Amino acid sequence: MFDLQRLRALHAVRQHGSVAAAAEALGFTPSAVSQQIGKLEREVRSPLLEKAGRGVILTDAGLVLADATDSILTTTEQASADLEELRSGVAGTLRVLCFPTAIRGLVGPALGELRRTAPDLTVLLEETWIRTTERIEAGHADLAIAHDWVDSPIDLPAHLSQAPLMEDPVDVLLPAEHPLAGRDDVLIDDLLDAPWIIDTNDGSICSQWLRSQMAARGRTPDIVHRVDEYPSQIAVVAAGLGVSTLPRLGRPDLPSTVRTVPLRGDRPVRRVFTVCRRASSRRPAIRTLIDALRARADHRRVGAWRARAAHPPPS
């Protein structure tokens, strides 16, 4: 009988391509992962890894064991889900990963409601948007609330399950005294000469969207400030220093010096969804949490949210 921890270590190396990356995903040191695999190699009397450039690949024997580990982990998780279904009521602990604006606009209120409707369910929430899918795969969390973009969806491995929650349009953020602040909507063509405030990640969808929209019109955006946090972007816009974009989900209350105006035409729209391991998707606790998130999303459906400015335009 093989030790499950050793099998997990080998499985993680195949998933992540190196001992160091596997160790980070598992929360161990590289030395500990190497020791686990070394013990497994002695147990099967065969090398399981071989060097490949800066990383490692699995030998034929390693692939056999990694494939078997896939089946073992899936079967174990399905058994856990079956046992949980046999119990009465919704109980247990869920480890949940979530990006910041969804905590404010979706998850926080949903968890507050679950305290009343499912008091035996404990949800341990962690704010993060880094490597959430990998952490779900590795078993370090049970559910992630994630997002991608309608025009650029991410591909998930077949052993992960995705459940849609909502779509989240992005609006333009303008100083209240801006000539366009009282409009019902604006086109990107109205803002070709505007000074822009964007985040520091050139790979972000809003940054890419702005650059591609400008390039399609033979222009380059005039980027004057690079600011990541939405409240900080709002403060810079409020000071009259430029315009920005802002998703609706989790949008904080805006000062009277700022307006949001919907974009007309090709605008970025986020898809918000949950991710869990397919084998655990039947767990009553996970289904209950997803139902609560969907109910909250329905309650604050994007079309009924702050589609216009947070404060009515001046008459």
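Here, every reference points to the structure presented above.
Given the structure is predicted, the values throughout are model-derived calculations rather than measurements.

Draft legend 1. The nonpolar core, seen in detail. Among the nonpolar cores identified, the biggest contains 28 residues, and L106, V107, L143, I145, V272, L289 and L293 are the most heavily contacted of them. Of all the secondary-structure elements, those providing two or more residues to this core are β3 (92-98), α5 (100-117), β5 (143-149), β6 (160-175), β11 (269-277) and α9 (284-299). The contacts of L143, once residues within four sequence positions are left out, are R95, V96, L97, I136, T274, V275, C276, I286, L289 and I290. Among the nonpolar cores identified, the runner-up in size contains 18 residues, and L10, I37, L49 and L58 belong to it.

Draft legend 2. Structural context of helix α7 (residues 205-216). The end-to-end C-alpha distance of α7, which contains 12 residues, comes to 16 Å, matching closely the 16 Å that a straight helix rising 1.5 Å per residue would cover. Those residues of α7 that sit buried are I205, C206, S207, W209, L210, Q213 and M214. The elements touched by buried residues of α7 are β5, β6, β7 (195-198) and β9 (244-247). G218 sits one or two positions beyond α7 and adopts a positive phi of about 70°.

Draft legend 3. Representation of the packing of helix α2 (residues 19-26) against helix α3 (residues 30-44). At a minimum axis separation of 8 Å, α2 and α3 run at an interaxial angle of 105°. Taken together, the axes of α2 and α3 lie roughly perpendicular to each other. When α2 is examined against α3, the residues V19, A20, A23 and L26 are found in contact with a partner set consisting of P30, V33 and S34.

Draft legend 4. How the structure looks around the side chain of T132. Mapping T132 onto the fold places it in helix α6 (residues 132-137). Those residues in contact with T132, other than ones at most four positions away along the chain, are L97 and A144.

Draft legend 5. Region of interest: the packing of helix α1 (residues 4-16) against α3. Between α1 and α3, the shortest axis-to-axis distance is 8 Å and the interhelical angle comes to 110°. Relative to α3, the element α1 is oriented roughly perpendicular. Like other packed secondary-structure pairs, α1 and α3 cross with a definite hand, here left-handed. Here Q5, R6, L7, A9, L10 and V13 of α1 come into contact with α3, specifically with V33, Q36, I37, K39, L40 and E43.

Draft legend 6. Representation of helix α8 (residues 230-238) in the model. Here α8 has its buried residues at Q233, I234, V236 and V237. Taken end-on, α8 shows its buried residues confined to a sector of 165°, consistent with a single buried face. Buried residues along α8 sit in contact with β6, β7, β8 (222-226), β9 and β10 (258-262). G240 sits one or two residues past α8 and shows a positive phi near 80°.

Draft legend 7. Main features of the pattern of salt bridges. Considering all chains together, one arrives at 21 salt bridges under this definition. Here D142 makes a salt bridge to R95, at a shortest N to O gap of 3.2 Å. A residue pair is termed long-range when its members are at least 10 positions apart, and D142 in the loop between α6 and β5 and R95 in strand β3 qualify at 47 residues. Note on D142: relative accessible area 5%, which makes it buried. Between R251 and D171 there is a salt bridge, and its shortest N-O distance comes to 2.9 Å. Of this pair, R251 sits in the loop between β9 and β10 while D171 is found in strand β6, placing the two residues 80 residues apart along the sequence. Side by side, R251 and D171 carry an identical accessibility label, which is buried. Three or more residues are tied together by salt bridges with common partners; here these are R95, D142, R277 and R283.

Draft legend 8. Region of interest: unusual backbone geometry. Look at R45: it is not a glycine, yet its phi comes out positive at around 60°. Assignment of secondary structure puts R45 in the loop between α3 and β1 (49-52). The class for R45 is exposed, based on a relative accessible area of 79%.

Draft legend 9. The layout of surface pockets, seen in detail. In this structure, the largest pocket spans a volume of roughly 1,100 Å³. Lining the largest pocket are 40 residues, with W129, H147, S204, Y230 and R270 sitting closest to its centre. Those elements that place two or more of their residues in the lining of the largest pocket are α5, α6, β5, β7, α7, α8 and β9. When its residues are assigned to classes, the lining of the largest pocket shows 18 nonpolar, 15 polar and seven charged.

What counts, and where the lines are drawn
- Residues numbered from 1 in each chain as written.
- Predicted model: local features only at pLDDT ≥ 70, side-chain atom pairs only at ≥ 80, totals over all residues.
- Heavy atoms only, no water.
- Core = buried A, V, L, I, M, F, W, Y, C linked by side-chain atoms within 4.5 Å.
- Buried < 20%, exposed > 50% of the residue type's maximum accessible area, 1.4 Å probe, protein only.
- Helix = DSSP H or I, 4+ residues; strand = E, 2+ residues; numbered from the N terminus.
- Contact = heavy atoms within 4.5 Å.
- Expected span 1.5 Å × (residues − 1).
- Axes fitted to C-alpha atoms, helices over the stretch in contact; angles between N-to-C directions.
- Parallel < 35°, antiparallel > 145°, perpendicular 65-115°, else oblique.
- Left-handed = near helix turned anticlockwise from the far one by under 90°.
- Arc of directions from axis to C-beta.
- Salt bridge = Lys/Arg side-chain N within 4 Å of Asp/Glu carboxyl O.
- 1 Å grid on protein atoms, 1.4 Å probe; cavity = no way out; pocket = protein on both sides within 12 Å on 5 of 7 lines; lining within 4 Å.
- Points joined across faces, edges and corners; volume = space filled by probe spheres on them.
- Nonpolar A, V, L, I, M, F, W, Y, C, P; charged D, E, K, R; others polar.

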